[in-house]
Amino acid sequence: MERRQDYKGNNISEETTLDWRGKPSNSSKHGGMKAAAFVLGVQGFEIMAIAAVGNNLITYVINEMHFSLSKSANVVTNFIGTVFLLALLGGYLSDSYLGCFWTMLIFGFVELSGFILLSVQAHLPQLKPPNCNMVTDEEHCVEAKGFKALIFFTALYLVALGSGCVKPNMIAHGADQFNYQDNPKQSKQLSRYFNAAYFAFSMGELIALTVLVWVQTHSGMDLGFGISAAAMAMGLISLVGGTFLYRNKPPQGSIFTPMAQVFMAAFSKRKEVCPSDARVLHGSHSNKGPNSNATISDDMGILHHTNQFRFLDKACIKVQDGNSTKESPWKLCTVTQVEQVKILISVIPIFACTIVFNTILAQLQTFSVQQGSSMNTKLTKSFHIPPASLQAIPYIMLIFLVPLYDTFFVPFARKITGHDSGVTPLQRIGLGLFVATFSMVSAALMEYKRRNAAVNSNKTLSIFWITPQFLIFGVSEMFTAVGLIEFFYKQSVKGMQSFLTAITYCSYSFGFYLSSVLVSLVNKITSNSSHGGWLSDNNLNKDRLDLFYWLLAVLSFLNFFNYLFWARWYSRNRSSSATIQHDFISKVAGDDSIA
C-alpha cells in the first residue's frame with residue numbers, strides 16, 4: 001500500500017500495489033528502475049520480433065503470396081492497424097480483470113504462436129502459391145487463395161492479437177513501477193523511463209531492420225520469421241525474470257461500467273436543470289455537511305468539479321422526492337465519476353490530431369519500401385541494402401539522440417520550465433507533428449527526382465537519396481510518440497492507465513486504416529478512361545507517388561494547426577480545473593483551522 005500525507009500530516013492511502021504473491025508491495029524491495037529494466041527487455045525483444053515482420057511484410061506478400069502492390073500495401077496497413085486497434089482490448093482486459101503482468105504473459109504466447117505459424121508457412125512450399133517473378137512475369141503469377149491464404153491470415157492475425165494486447169501493458173507496467181504522484185524523485189525517474197522505453201523501442205527496431213531483414217532477404221523469410229519467434233520467446237523470459245521485483249496494480253473490475261453509469265444517469269435526468277452551486281451535486285466535496293460521506297482523505301485523492309461539459313453534471317443531481325431509498329448508481333453518480341468521464345472526452349481531440357501523423361508512418365513502411373526497391377541498392381560490389389532496412393536509419397540516429405536528449409536537454413529545460421520532463425507532453429507532441437510535415441515534403445521531392453531520372457534519363461538513383469524522409473520522421477516520432485504516451489498515462493483517471501496507454505496505439509491503428517482509405521480514394525478520384533490513378537499501377541515509374549506525398553504533406557501541415565487549437569483548449573480547461581482544486585484545498589484547510 002502506497003501512502004502519502006494530507007495537509008495535516010496524517011497518512012492516507014493513495015494506491016494499492018501488490019507483489020507477486022498478492023501481498024502489499026514494499027517500496028524498498030519492489031518497483032523502481034531495476035524492475036522496469038525487465039519490462040524494457042520485453043519491449044526491446046517484442047518490437048524486434050514484430051518490426052521484422054511488419055516492416056518487410058509487403059515484400060513477402062508481393063513476392064511469395066503474389067498480391068498486387070496496392071492490395072499488398074493494404075494488407076500491411078490493415079495488419080498494423082489491427083495490431084494497434086487490439087491494444088484497446090489488451091488495455092481493457094488488464095485494467096478490468098487480468099492486470100498488466102498476466103495480460104502480457106498470456107498474449108505474449110499467442111503472439112509467439114503466430115510467429116511460429118508464419119515461419120512454418122514460409123518454409124513449406126505446399127502452403128504457398130507456385131514460385132514466379134512478380135516483376136517480369138506478373139500475368140502468370142497465381143495469387144494465394146483458399147487454404148493457403150487462410151493459413152497466412154490466421155498466422156498474421158494471431159501475431160496481431162498477441163502484439164496488440166501486449167503493447168499497451170508493456171508501457172503501463174513499466175510506468176507502474178514508479179510512484180510518480182507523490183515522490184518528486186520518482187516523477188523524474190518516470191520521465192527517464194519513458195525516454196528509456198523509446199530507446200529500447202529504437203534498439204529493437206534497429207536490429208529488426210538490419211540483422212533480421214537481412215536474414216529474411218538473403219536466407220529466406222522462413223528463417224526470418226523463425227528468428228522473430230525466438231526474439232519473442234526471449235521477451236517472455238525477460239518478463240518472467242522480473243516477477244519478484246514488480247509492483248503490480250490490481251485490476252479494478254469493468255472500467256466501462258462507471259463511465260456507462262454517468263451517461264445513463266445524465267440521460268435519465270436530461271430535463272433537470274444544473275444547479276449554479278456545484279456544492280449541492282452528489283459526491284461534491286466542496287460542501288462539508290454533517291451528512292456528507294466524504295472525508296478529508298477522500299478530498300485529497302479525488303477529482304473536483306469543473307465547468308466543462310456541464311450536461312454530464314446532471315448525473316450528480318440528487319432528486320428530492322421524499323423517498324429515503326438510496327438511488328441506483330445508474331441514476332446517481334459522484335462528481336469524481338463525472339470528472340473522469342470529462343477527462344476522457346477532453347483528450348479525444350489530442351488523440352485525433354495524431355492520426356494523420358501515423359498515416360505518414362504507414363507510407364514509410366509500405367510505399368517507401370517499394371520506392372527503395374526501384375532504386376540502386378548496391379553498397380559494394382557484393383552487398384545490396386534490403387529496401388526495408390532503410391527504416392533503420394532513423395533508429396541508428398535515435399539510439400544516440402535519445403540518451404543525449406535525456407542527459408542534456410531535459411535537465412537544461414527543467415531548470416527553465418520547472419517541468420519534470422523538461423517540456424510538457426503537449427509541447428513535445430506539437431513539435432513532433434510540425435516536423436512530420438517535412439518528412440513528406442522530402443519524400444515528395446525525392447520521388448519526383450527518382451521518377452524523372454528513371455523515366456527521362458533511364459538512370460537509377462542510389463537508395464540513399466530517400467534517407468532524409470526517414471531521418472526527419474525519426475526525429476518527429478521521438479517527440480510525438482513519447483509525448484503522447486506520457487500525456488495519456490498521466491491523466492487523472494484511476495485504474496485506467498493501461499487502457500489510456502492503449503488509446504495512444506489506436507492512433508497508429510486509425511492512421512494506418514486512413515492510409516488504406518486514402519490510397520483507394522486517391523485512385524478513384526485521379527483515375528480516368530485513359531489513365532489509372534496515382535497509385536493504381538504496380539510500377540512506380542508509371543504511378544505518381546510524388547503527388548500522393550504532397551497531398552500528405554498538406555494534410556499534415558493543416559493537422560498541425562488543428563492540433564494547436566485543441567492543445568490550447570485542453571490546457572485552458574485543465575488550468576482552470578487545477579485552480580479550482582487548489583482554491584478548494586486552501587479553503588478546506590482554512591475552514592478546518594478556524595474550527
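Residues numbered from 1 in each chain as written. Predicted model: local features only at pLDDT ≥ 70, side-chain atom pairs only at ≥ 80, totals over all residues. Heavy atoms only, no water.

Identification of the protein as Protein NRT1/ PTR FAMILY 4.3-like from Nicotiana tabacum is taken from an unreviewed UniProt entry.

## Here's the deal with the overall build of the protein
What the protein contains, in helices and strands, is 19 helices and two strands. Of the accessible surface of the protein, which amounts to about 25,900 Å², a share of 62% is contributed by carbon and sulfur atoms. (Helix = DSSP H or I, 4+ residues; strand = E, 2+ residues; numbered from the N terminus. Areas by Shrake-Rupley, 256 points an atom, 1.4 Å probe, with all protein chains shown as cover.)

## Brief notes about helix α4 (residues 87-98)
For α4, spanning twelve residues, the distance from its first C-alpha to its last is only 14 Å, which falls clearly below the expected 16 Å at 1.5 Å a residue. Burial in α4 covers these residues: A87, G90, G91, Y92, L93, S94, D95 and S96. The secondary structure elements touched by the buried residues of α4 are α3 (69-85), α5 (100-123), α6 (146-175), α9 (256-268) and α18 (497-526). Just downstream of α4 lies G99, where phi reads positive at about 85°. (Expected span 1.5 Å × (residues − 1). Buried < 20%, exposed > 50% of the residue type's maximum accessible area, 1.4 Å probe, protein only. Contact = heavy atoms within 4.5 Å.)

## Examining helix α16 (residues 425-456)
Its 32 residues place the ends of α16 47 Å apart at the C-alpha level, agreeing with the 46 Å of an ideal helix rising 1.5 Å per residue. Just downstream of α16, N458 is the residue with a positive phi angle, here 55°.

## Points about unusual backbone geometry
The backbone of F309 shows a phi angle near 50°, a positive value even though the residue is not glycine. Residue placement: F309 occurs in the loop between α10 (296-301) and α11 (335-346). Located in the positive-phi region is N458, a residue other than glycine, with phi close to 55°. Among the structural elements, N458 can be located in the loop between α16 and α17 (467-489).

## Here we look at the packing of aromatic side chains
The description of an aromatic ring pair uses the distance of the two centres, along with the angle that the planes make with each other. As enumerated under the stated definition, the model contains 32 aromatic pairs in all. An aromatic cluster is defined as three or more aromatic residues linked by ring pairs; in this entry it consists of Y60, F67, F79, F152, F153, Y157 and F225. In this structure, R270 is placed above the aromatic ring of F267, and the distance from its NZ or CZ to the ring centre is 4.2 Å. Residue placement shows K449 over the ring face of W465; its charged tip is 4.7 Å from the ring centre. (Phe/Tyr/Trp six-rings, centres within 6.5 Å; stacked < 30°, edge-to-face > 60°. Lys NZ or Arg CZ within 6 Å of the ring centre and 35° of its normal.)

## Description of a nonpolar patch on the surface
A cluster of nonpolar side chains, namely F434, F438, F557, F561 and L564, defines an oily patch on the protein surface of about 440 Å² accessible area. At the level of elements, α16 and α19 (545-594) are the ones that each hand at least two residues to the nonpolar patch. You can see F561 is positioned in helix α19. (Patch = residues over 30% accessible without salt bridge, like charges linked within 9 Å, V, L, I, M, F, W, Y side chains within 5 Å. Salt bridge = Lys/Arg side-chain N within 4 Å of Asp/Glu carboxyl O.)

## Considerations on the nonpolar core
Counting 161 residues, the largest nonpolar core has L57, F79, F152, Y193, F194, I350 and F548 as the members making the most contacts within it. With twelve residues, the top contributor of residues to this core is helix α1 (residues 32-54). Inspection of this core shows a minimum of three residues originating in each of domain 1 (27-252) and domain 2 (336-580). The residues contacting I350, other than those within four sequence positions of it, are L426, I429, L484, F487, Y563, W566, A567 and Y570. (Core = buried A, V, L, I, M, F, W, Y, C linked by side-chain atoms within 4.5 Å. Domains from an automatic or database assignment.)

## Quick word on the pattern of salt bridges
For the structure shown, the criterion picks out ten salt bridges. E447 is the salt-bridge partner of R450, the closest N and O atoms lying 2.9 Å from each other. Of this pair, R450 and E447 are both found in helix α16, three residues apart, which corresponds to roughly one turn of the helix. The burial state of R450 is the same as that of E447; both residues are buried. Salt bridges sharing common partners tie together R310, D313, E339 and K342.

## Some words on the confidence of the model for the protein
Confidence in the prediction of the protein, expressed as mean pLDDT, is 80, and 86% of residues score 70 or more. Considering each helix and strand of the protein separately, the mean pLDDT is smallest for α10, with a value of 36, and largest for α5, with 93. Note that residues 1-14 has pLDDT below 50 and, in this model, 40 contacts with residues that lie over four places away or in other chains. The model gives residues 286-301 a pLDDT under 50, and that stretch makes 24 contacts with residues more than four places away or in other chains. (pLDDT = per-residue confidence, 0-100.)

## Section: the packing of α9 against α11
At a minimum axis separation of 9 Å, α9 and α11 run at an interaxial angle of 100°. By the criterion of interaxial angle, the relationship of α9 to α11 is roughly perpendicular. Here P258, M259, Q261, V262 and F263 of α9 lie close against α11, whose contacting residues are Q337, V338, V341, L344 and I345. Each residue belonging to the contact of α9 with α11 can be placed in one class, and the counts come to eight nonpolar, two polar and no charged. (Axes fitted to C-alpha atoms, helices over the stretch in contact; angles between N-to-C directions. Parallel < 35°, antiparallel > 145°, perpendicular 65-115°, else oblique. Nonpolar A, V, L, I, M, F, W, Y, C, P; charged D, E, K, R; others polar.)

## Things to note about the side chain of S119
Examined against the element boundaries, S119 turns out to sit in helix α5. Of the residues examined, S119 reaches a relative accessible area of 16% and is grouped as buried. Filtering out sequence-adjacent residues up to four positions away, S119 remains in contact with D222, F225 and G226.

## Here we look at the packing of α4 against α6
The N-to-C vectors of α4 and α6 enclose an angle of 55°; their axes lie 7 Å apart at closest approach. One finds that α4 runs oblique with respect to α6. Once α4 is placed against α6, the crossing between them reads as right-handed. Here A87, L89, G90, G91 and S94 of α4 lie close against α6, whose contacting residues are L161, G164, C165, P168 and N169. Of the residues that constitute the contact of α4 with α6, the class distribution is five nonpolar, five polar and no charged. (Left-handed = near helix turned anticlockwise from the far one by under 90°.)

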